[in-house]
Amino acid sequence: MRFLGKVSDVYERVYAADLLLLGSRAEASPLVVLEAMALGTCVIAADVDGVSEQVLDEQTGLLFHRESTTELSGCLSRAARDASLRERLARGGRARYLERYGRDRQLARWSALLTEFLQTRLSTPPG
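Quick caveat: nothing in here was measured; it's all calculated off a predicted structure. (Residues numbered from 1 in each chain as written. Predicted model: local features only at pLDDT ≥ 70, side-chain atom pairs only at ≥ 80, totals over all residues. Heavy atoms only, no water.)

## Considerations on the packing of helix H2 (residues 31-38) against helix H5 (residues 83-100)
(1) Moving on: Running from amino to carboxyl end, H2 crosses H5 at an angle of 110 degrees, the nearest separation of the two axes being 7 Å. In terms of axis orientation, H2 runs roughly perpendicular to H5. Every residue of H5 that contacts H2 at Leu34, Met37 and Ala38 is listed here: Gly93, Arg94, Arg96 and Tyr97.
(2) Moving on: Its residues placed into classes, the contact of H2 with H5 shows four nonpolar, one polar and two charged. (Axes fitted to C-alpha atoms, helices over the stretch in contact; angles between N-to-C directions. Helix = DSSP H or I, 4+ residues; strand = E, 2+ residues; numbered from the N terminus. Parallel < 35°, antiparallel > 145°, perpendicular 65-115°, else oblique. Contact = heavy atoms within 4.5 Å. Nonpolar A, V, L, I, M, F, W, Y, C, P; charged D, E, K, R; others polar.)

Listed below in structure tokens is the structure:
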């Protein structure tokens, strides 16, 4: 583990990392998790708020209870010892990112939303 302070090449560092650890006690929907998944970096995160919507435990990353240092230690130990586990989780995370959050998926969602809005707006007489 290295504490680098302020850096400007964040994406390169996340991409080069063996894993991303998010030990937050509270998060809504952390962008850093999605960025790591998009870059194919293994994610270990506290199972808080929206994180479990992004990371599927044992499929796209490892989750631990936010107050459990024992579980956190176990996740880190497993990932440190098992490169194939990190690679499997990283691949799963990237696939989930592309399926649920990737550019094509987001464009399709926006297109559907705008189409529905315009159809409703155009079919409603002014008044």
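## Observations regarding the pattern of salt bridges
(1) Moving on: According to the stated counting rule, one finds three salt bridges in the structure shown.
(2) Moving on: Residues aspartate 9 and arginine 13 are paired through a salt bridge, measuring 2.8 Å at the closest nitrogen-oxygen approach.
(3) Moving on: The class of arginine 13 is partly exposed, set by a relative accessible area of 38%.
(4) Moving on: The closest approach of N and O atoms between glutamate 67 and arginine 25, which form a salt bridge, is 3.5 Å. Of this pair, glutamate 67 sits in the loop between strand E3 (62-64) and helix H4 (69-81) while arginine 25 sits in the loop between strand E1 (19-22) and H2, and the two are 42 residues apart along the sequence. Neither residue differs from the other here; glutamate 67 and arginine 25 are each classed as exposed. (Salt bridge = Lys/Arg side-chain N within 4 Å of Asp/Glu carboxyl O. Buried < 20%, exposed > 50% of the residue type's maximum accessible area, 1.4 Å probe, protein only.)

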